[in-house]
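# Inside the fold
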Amino acid sequence: MFEKVLVANRGEIAVRVMAACEELGIETVAVYSDADRNAGHVDYADEAYNVGPAPASDSYLDQEEIIDVAERAGTDAIHPGYGFLAENAEFARKVEATDDVTWVGPPSDAMETLGEKTKARTVMQEAGVPVVPGTTEPVDDPDQVRDLGEEFGYPIAIKAEGGGGGRGMKIVRSEAEVEDALESAQREGEAYFGNDSVYVEKYLEAPKHIEVQVLADEHRNVRHLGERDCSLQRRHQKVIEEAPSPALDADLRAEIGEAARQGVREAGYTNAGTVEFLVEDGEFYFMEVNTRIQVEHTVSEEVTGIDIVRWQLRVAAGEELAFSQDDVEIDGHSIEYRINAEDPANDFAPTPGPLETYKPPTSIGVRLDHAVAQGDEIGGDYDSMIAKLIVTGEDREHCLARSKRALDHFDVEGVHTTIPFHRLMLDDETFVAGEHTTKYLDQELDDDELDRAVDRWGSEAASADGDQTSTDEIAVEVDGKRFDVVIEDGLPRAPNGGATSDGSAGGSSGSGNPNVAAAGAITAEMQGTILSVEVEEGDEVAQGDVVCVLEAMKMENDVVASTSGTVDAVPIAAGDSVDMGDTLVTLE
Ligand code: ADP
């Protein structure tokens with residue numbers, strides 16, 4: 001077994017990996033950026049090294065620097081977590097090429113084969129696994145796409161070869177949309193994944209997202225740990241995940257599990273991985289393989305009792321999986337809630353800020369994966385996840401009841417969170433019945449309901465609204481019985497947080513984030529990456545027009561003009577990194 005492992009990641013997953021190392025008697029090395037000097041994962045590790053400035057491209061993505069630290073620190077393995085370099089076959093290859101450092105993940109060749117979606121589709125097809133109808137070669141000609149539209153019938157999806165999380169995917173509903181969609185999928189692929197190659201798939205209208213966790217060792221043993229249901233999604237991003245799926249019967253479950261196993265075996269894969277499928281009308285179709293540990297691996301651990309990260313390390317060290325497929329038993333039901341610093345009432349816009357209060361729930365059936373503590377600052381440099389709350393019960397019904405209890409006792413103040421959204425879901429008939437598809441939230445979620453949920457269960461974000469009254473809470477005892485008494489300062493509370501939704505200065509996705517400096521300059525409200533620029537010099541824009549799309553904390557934000565005017569200068573281009581306060585566009 002390894003003696004010292006470098007974890008090339010941050011936040012909860014870095015701590016999760018270090019916890020597994022600790023249990024195996026392995027020393028841990030953290031890397032961190034300037035923005036993370038006081039971060040939880042740094043504190044947790046036995047040793048820590050600064051690898052550069054806040055932007056991930058200068059620190060967590062700096063391949064040479066990370067390998068250099070691994071060697072200097074005398075580590076014998078690198079675990080990449082998820083995100084950052086986790087699915088980067090080039091990085092894996094560089095680690096493999098070192099003398100003493102082992103890559104905790106699949107071989108770089110298998111990562112390359114399965115990471116390119118068209119190659120993965122070919123491999124799966126050859127292994128006899130049904131794939132979503134589509135191409136196994138990249139396409140770049142609109143005519144070719146139109147022919148495919150004709151063949152499969154619209155809608156179709158144009159997907160970036162390197163894409164993920166719904167990014168780099170464009171849905172095309174008619175021939176007329178092909179040209180624009182092709183261009184923008186290529187552009188997003190290039191901007192996000194450095195790869196403008198795209199392919200075409202039939203777009204399923206209302207599928208379930210079902211994925212199978214696999215573990216494989218270097219001795220040709222491949223096991224699956226059952227499926228996860230990640231159908232509850234917002235704009236193709238997972239928000240709640242669970243195991244097992246409420247939508248599969250025993251036959252389909254066994255079939256999908258075997259298909260995943262077969263496909264992975266065929267690709268010469270080792271270590272942990274996830275095979276993703278779409279399921280519609282009792283049919284399943286392979287979508288892609290994620291060649292890494294996933295955010296939602298936790299729910300599989302809870303229902304199987306198998307520590308996936310521990311096995312990642314053991315398998316990478318050459319050990320053989322010690323359990324057979326028949327040994328894997330699914331017991332109970334587990335659901336993961338992503339607790340993000342986002343405002344559900346404002347289109348889930350990220351809300352960085354101080355964790356003034358942070359009191360997570362405890363007690364039976366509750367697991368919390370996080371790397372934060374009360375008093376920490378949730379910064380704007382990385383994604384918006386604060387914690388993962390994982391709740392496990394005897395069956396789904398029990399798990400849902402337990403989830404209500406846990407979320408009710410999750411107390412966060414200082415930033416908005418997704419907790420009110422989760423609580424809303426626990427009262428949602430379709431979710432509770434397990435009948436939701438990947439389209440459910442985008443089609444059915446009602447903004448007014450979200451507003452009410454945030455009103456009812458939301459935190460008091462440290463907001464600039466200035467409409468919060470100051471309150472004092474004191475405890476009094478009357479006849480020995482305790483009462484908590486709230487003393488307000490007499491000012492009336494504005495309803496619904498008091499913010500007018502479109503009134504002021506424009507903002508993200510048509511809501512109230514002031515994004516605009518007063519005098520003609522439209523500035524970035526937070527550090528991020530320019531995804532696209534919608535205007536050029538000399539254009540006339542009207543109030544509310546989108547001038548560019550800014551990605552911050554992994555969310556896309558439309559930046560809109562607060563007034564009408566003529567575009568005077570556009571100092572940015574797609575792919576640029578911008579800091580908070582940087583000028584994006586100036587208007588005359
Ligand atoms: P990832 O699983 O890495 O986030 P994708 O971007 O490929 O990768 O897919 C994200 C989500 O987009 C899926 O979970 C699903 O909801 C949706 N999706 C992808 N491909 C299709 C398709 N062909 N038809 C319908 N929905 C799709």
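Treat the numbers as computed from the prediction; the structure is a model and nothing was measured.

Here we take up the side chain of Asp217. With respect to the secondary-structure elements, Asp217 resides in the loop between strand S9 (208–216) and strand S10 (222–234). For the buried residue Asp217, which engages in no salt bridge, the nearest side chain bearing the opposite charge is Arg223, 6.0 Å off. Separated by 2.8 Å, the side chain of Asp217 and the backbone nitrogen of His219 make a polar contact. There is a polar contact of 2.7 Å between the side chain of Asp217 and the side chain of Asn221.

Two cysteines whose sulfur atoms are joined by a covalent bond form what is called a disulfide. Enumeration over the complete set of coordinates arrives at 0 disulfides. Of the cysteine sulfurs around Cys399, a residue in no disulfide, the closest is that of Cys230, at 14 Å.

The next point concerns the site of the ligand. Surveying the vicinity of the ligand reveals 21 residues, the closest of which are Gly165, Glu201, Gln233, Glu276 and Glu288. Side-chain polar atom of Lys117 to an oxygen atom of the ligand: 2.9 Å apart, as the coordinates give it. Leu204 is positioned with one of its backbone polar atoms (N or O) 2.9 Å from a nitrogen atom of the ligand. When the free accessible area of the ligand is taken as 550 Å², the share hidden by the protein chains comes to 96%. When contributions to the shell around the ligand are tallied by element, the ones reaching two or more residues are strand S6 (156–164), strand S8 (198–202), strand S12 (271–280) and strand S13 (283–290). Looking at the shell around the ligand, the element that brings in the most residues is S13, giving 3 residues. For the shell around the ligand, the residue count by class is 6 nonpolar, 8 polar and 7 charged. Counting contributing residues per domain, the shell around the ligand is built from domain 2 (133–202) and domain 3 (208–457), each supplying no fewer than three.

Closest axis-to-axis distance for the helix H5 (residues 108–115)/helix H6 (residues 117–126) pair is 5 Å, and the angle between their directions is 95 degrees. Of the possible angle classes, the one that applies to H5 and H6 is roughly perpendicular. Here Glu112, Thr113, Leu114 and Gly115 of H5 come into contact with H6, specifically with Lys117, Lys119, Ala120, Val123 and Met124. Its residues assigned to classes, the contact of H5 with H6 shows 4 nonpolar, 2 polar and 3 charged.

With numbering aligned to this structure, UniProt lists the feature "domain: Biotin carboxylation" (unreviewed entry) at residues 1–446. Secondary structure within residues 1–446 divides into 32% helix and 28% strand; the distance between the first and last C-alpha atoms comes to 52 Å.

Each assigned domain of the chain is listed with its residue range as follows: domain 1 (4–104), domain 2 (133–202), domain 3 (208–457) and domain 4 (521–587). On a C-alpha basis, the centroid separation for the pair domain 2 and domain 4 is 26 Å. Taken together, the contact between domain 2 and domain 4 spans 5 residues of the former and 5 residues of the latter. For the domain 2 and domain 4 pair, buried surface summed over both sides reaches about 510 Å², with 51% attributable to carbon and sulfur atoms. Together, Arg167, Arg187 and Tyr192 form the three largest contributors to the area buried by domain 2 at its contact with domain 4, with a combined 74%. On the surface where domain 2 and domain 4 come into contact, there are 1 salt bridge. Between Glu551 and Arg167 there is a salt bridge, with its nearest N and O atoms 3.6 Å apart. The tally of links from domain 2 across to domain 4 stands at 0 residue pairs in polar contact (both at pLDDT 80 or more). Looking at which element gives the most residues to the side of domain 2 that touches domain 4, the answer is helix H8 (residues 178–193), with 4 residues.

Residues Leu232, Tyr337, Ile386, Leu389 and Phe421 are the most contacted members of the largest nonpolar core, which totals 37 residues. For this core, the elements supplying multiple residues, two or more each, are strand S11 (237–243), strand S14 (333–340), strand S21 (385–393), helix H12 (396–408), helix H13 (419–425), helix H15 (440–444) and helix H16 (447–457). Leaving out residues up to four positions away in the same chain, Leu232 has contacts with Gln237, Lys238, Val239, Ile240, Phe421, Met425, Phe431, His436, Tyr440 and Leu441. Ala45, Ala316, Phe323 and Val328 belong to the second largest nonpolar core, which has 31 residues in total.

Turning our attention to the packing of helix H4 (residues 89–96) against H5. Packing of H4 against H5 leaves a shortest axis separation of 8 Å and a crossing angle of 175 degrees. Judged by the angle between their axes, H4 and H5 are roughly antiparallel. Only Ser108, Asp109, Met111 and Glu112 of H5 make contact with H4, whose side of the interface consists of Ala89, Ala92, Arg93 and Glu96.

Attention shifts here to unusual backbone geometry. Note: most peptide bonds trans; most residues except glycine with negative phi. Cis rather than trans, the peptide bond between Tyr154 and Pro155 has omega equal to 0 degrees. Position of Pro155 among the secondary structure elements: in the loop between helix H7 (142–152) and S6. The residue His236 is not glycine, and still its phi comes out positive at about 65 degrees. Within the secondary structure, His236 sits in the loop between S10 and S11. According to the relative accessible area criterion, His236 is partly exposed, its value standing at 22%. Of note, Phe348 is a non-glycine position whose phi angle comes to about 60 degrees, a positive value. You can see Phe348 is positioned in the loop between strand S15 (342–343) and strand S16 (349–350).

This part takes up the pattern of salt bridges. This structure, assessed with the given rule, holds 40 salt bridges. Arg16 serves as the salt-bridge partner of Asp307, at 2.7 Å between the closest nitrogen and oxygen. One end of the pair, Asp307, is in the loop between helix H10 (297–304) and helix H11 (308–316); the other, Arg16, is in helix H1 (residues 11–23), with 291 residues separating them in the sequence. A relative accessible area of 10% means that Arg16 is categorised as buried. For the salt bridge of Glu188 with Lys170, the shortest nitrogen-to-oxygen distance reads 2.9 Å. With Glu188 in helix H8 and Lys170 in strand S7 (residues 167–172), the pair connects residues that are 18 residues apart, well separated along the chain. The exposure class of Lys170 is partly exposed, given its relative accessible area of 23%.

What follows covers the sheet that holds S8. Taking strand neighbours across the sheet as the criterion, the 3 strands line up as S7-S6-S8 in an open arrangement whose pairing is antiparallel. The open sheet has two edge strands, S7 and S8, and neither has a second partner. Sheet twist, expressed as the average angle between the axes of neighbouring strands with direction ignored, equals 25 degrees. With 5 bridges connecting them, S6 and S7 associate as antiparallel partners. In the strand pairing of S7, Lys159 is matched with Met169. Helix-sheet contacts for H6 involve S6 and S8, and the interaxial angle to S6 is about 105 degrees.

Calculation notes
- The residue numbering used here restarts from 1 in each chain and proceeds along that chain's sequence as written.
- Whole-chain, interface and lining totals are the exception, using all residues; otherwise, since this is a predicted model, local features are given only for residues with pLDDT of at least 70 and side-chain atom pairs are given and counted only at 80 or more.
- Side-chain calculation: all heavy atoms of the structure are included, whereas hydrogens and water are not.
- Going along the chain from the N terminus, every DSSP run of H or I of four or more residues is numbered as a helix, and every run of E of two or more is numbered as a strand.
- Only protein chains enter the accessibility calculation, which uses a 1.4 Å probe. A residue is then buried if its area is under 20% of the maximum for its type, exposed if over 50%, and partly exposed in between.
- Under the counting rule used here, the positive set is Lys and Arg, the negative set is Asp and Glu, and His together with the chain ends is not counted.
- Salt bridge, as used here: a side-chain nitrogen of Lys or Arg that lies within 4 Å of a carboxyl oxygen of Asp or Glu.
- Pairs of N or O atoms within 3.5 Å make up the polar contacts considered here, provided that, within protein, one atom can donate a hydrogen while the other can accept it, and that residues adjacent in sequence are counted only when both atoms are side-chain atoms.
- Disulfide: a pair of cysteine sulfur atoms within 2.5 Å of each other.
- Neighbouring residues are identified by heavy atoms, a residue being near a molecule or strand if any of them is within 4 Å of it.
- Using the Shrake-Rupley algorithm and a 1.4 Å probe, accessible areas are obtained, with residue cover drawn only from the displayed protein chains.
- Note on residue classes: Ala, Val, Leu, Ile, Met, Phe, Trp, Tyr, Cys and Pro are nonpolar, Asp, Glu, Lys and Arg are charged, and everything else, Gly too, is polar.
- These domain limits were set by an automatic method or by a database of domain assignments.
- To get an axis, a line is fitted to the C-alpha atoms, and for a helix only the part in contact is used. The angle between two axes follows their N-to-C directions and goes from 0 to 180 degrees.
- Roughly parallel here means an angle under 35 degrees, roughly antiparallel means over 145, roughly perpendicular means 65 to 115, and every remaining angle is called oblique.
- Note on definitions: a residue-residue contact is assigned when non-hydrogen atoms from the two residues lie within 4.5 Å.
- UniProt positions are given in the numbering used here, feature names are shortened, and annotations may be inferred rather than shown by experiment.
- The term buried area means the drop in 1.4 Å probe accessible area that two parts suffer when joined, counted for both and summed.
- Nonpolar cores were defined as sets of buried Ala, Val, Leu, Ile, Met, Phe, Trp, Tyr and Cys residues, with membership established by side-chain atoms within 4.5 Å.
- Pairing between strands requires that DSSP locate at least two bridges from one strand to the other.

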